[in-house]
Amino acid sequence: MKRSLLSATLGLALAAGLAVLPATAASAAPAPAVQGYTASVNSGAQYAGSVAETANNEAFFKAVMASAKAKQAADPGLATVTVTYDASSAPTFRNQIAQAAQIWNSSVRNVQLRAGSGGDFKYYEGNDSRGSYASTDGHGRGYIFLDYQQNRQYNSVRVTAHETGHVLGLPDHYSGPCSELMSGGGPGTSCTNPYPNSAERTRVNSLWARG
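Residues numbered from 1 in each chain as written. Predicted model: local features only at pLDDT ≥ 70, side-chain atom pairs only at ≥ 80, totals over all residues. Heavy atoms only, no water.

Student: Sorry, what's going on with helix 4 (residues 156–167) here?
Tutor: Quick reminder: α-helices carry 3.6 residues per turn. Residues three or four places apart thus point the same way. The end-to-end C-alpha separation of helix 4 is 17 Å, in line with the 16 Å expected for 12 residues at 1.5 Å each. In terms of residue burial, helix 4 counts as a mostly covered element, since 12 of its 12 residues are buried. Taking the backbone nitrogen of V157 as reference, a side-chain oxygen 3.3 Å away marks N155 as the first, capping residue of helix 4. Residue G169 follows helix 4 closely and has a positive phi angle near 110°. (Helix = DSSP H or I, 4+ residues; strand = E, 2+ residues; numbered from the N terminus. Expected span 1.5 Å × (residues − 1). Buried < 20%, exposed > 50% of the residue type's maximum accessible area, 1.4 Å probe, protein only. Polar contact = N/O pair within 3.5 Å; in protein donor to acceptor, adjacent residues only side chain to side chain.)

Student: Would you mind going over the state of the cysteines with me for this structure?
Tutor: Disulfides are covalent bonds that connect the sulfur atoms of two cysteines. The final tally for this structure, using the stated rule, is one disulfide. Disulfide pairing is shown between C178 and C191; the S-S distance is 2.0 Å. When the S-S torsion is 90°, as for the bridge of C178 with C191, the disulfide is right-handed. You can see C178 sitting in the loop between helix 4 and helix 5 (198–207) and its partner C191 sitting in the loop between helix 4 and helix 5, a full 13 residues away along the chain. (Disulfide = S-S within 2.5 Å.)

Student: Mind showing me how you'd approach the pattern of salt bridges here?
Tutor: Considering all chains together, one arrives at two salt bridges under this definition. The salt bridge involving D86 is made with K122; its shortest N-O contact spans 3.8 Å. One end of the pair, D86, is in strand 2 (residues 81–89); the other, K122, is in strand 4 (residues 121–126), and 36 residues separate them in sequence. The buried category is assigned to K122, whose relative accessible area is 17%. Notably, a salt bridge pairs R130 with D128, separated by 2.9 Å at the nearest N-O pair. In this structure R130 comes out as partly exposed when scored by relative accessible area, which is 41%. (Salt bridge = Lys/Arg side-chain N within 4 Å of Asp/Glu carboxyl O.)

So this is what it looks like as structure tokens:
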């Protein structure tokens, strides 16, 4: 029986020339927490994050935690949550998204990602000066945006798996080593590791334990 955590109701109107995301963007929170792959898109230099991003990380983590606990309370016997994603609005990255989902599905047991129409969260693609990012309205809902330029500069599967990690509740940690998936672009463009390390796997399993 499928159990959903996230919702695809949150949208964002992108820069001119790009497809506009769902009209529900008008009702989204005015200052959503944004988790980016790196805040140094063009330079490739190491980046340790900012005070604002630290606050956003904490808000994101708390939102996913609260939603996961609500699922657990609603169905105490639930062992594994299935979260459905919709990649139809990011056709360029179809293969990378599928690989990222497979990486996470083979890495954790308490939550599994499945492709589906509509989906609990969606992927989008385009050009954005901020690079790739995942966005949440503070209640566990969100979407992932994949930037063309950044995915040419950095390993695209790593970028996609990193942003998907945000949907599963992990915050950015740019100062981490390449072996840490959520270090994102911090280790530089030479880092191609798309896999979460043991601490990241354990944290996701803990977040989603019993639903």
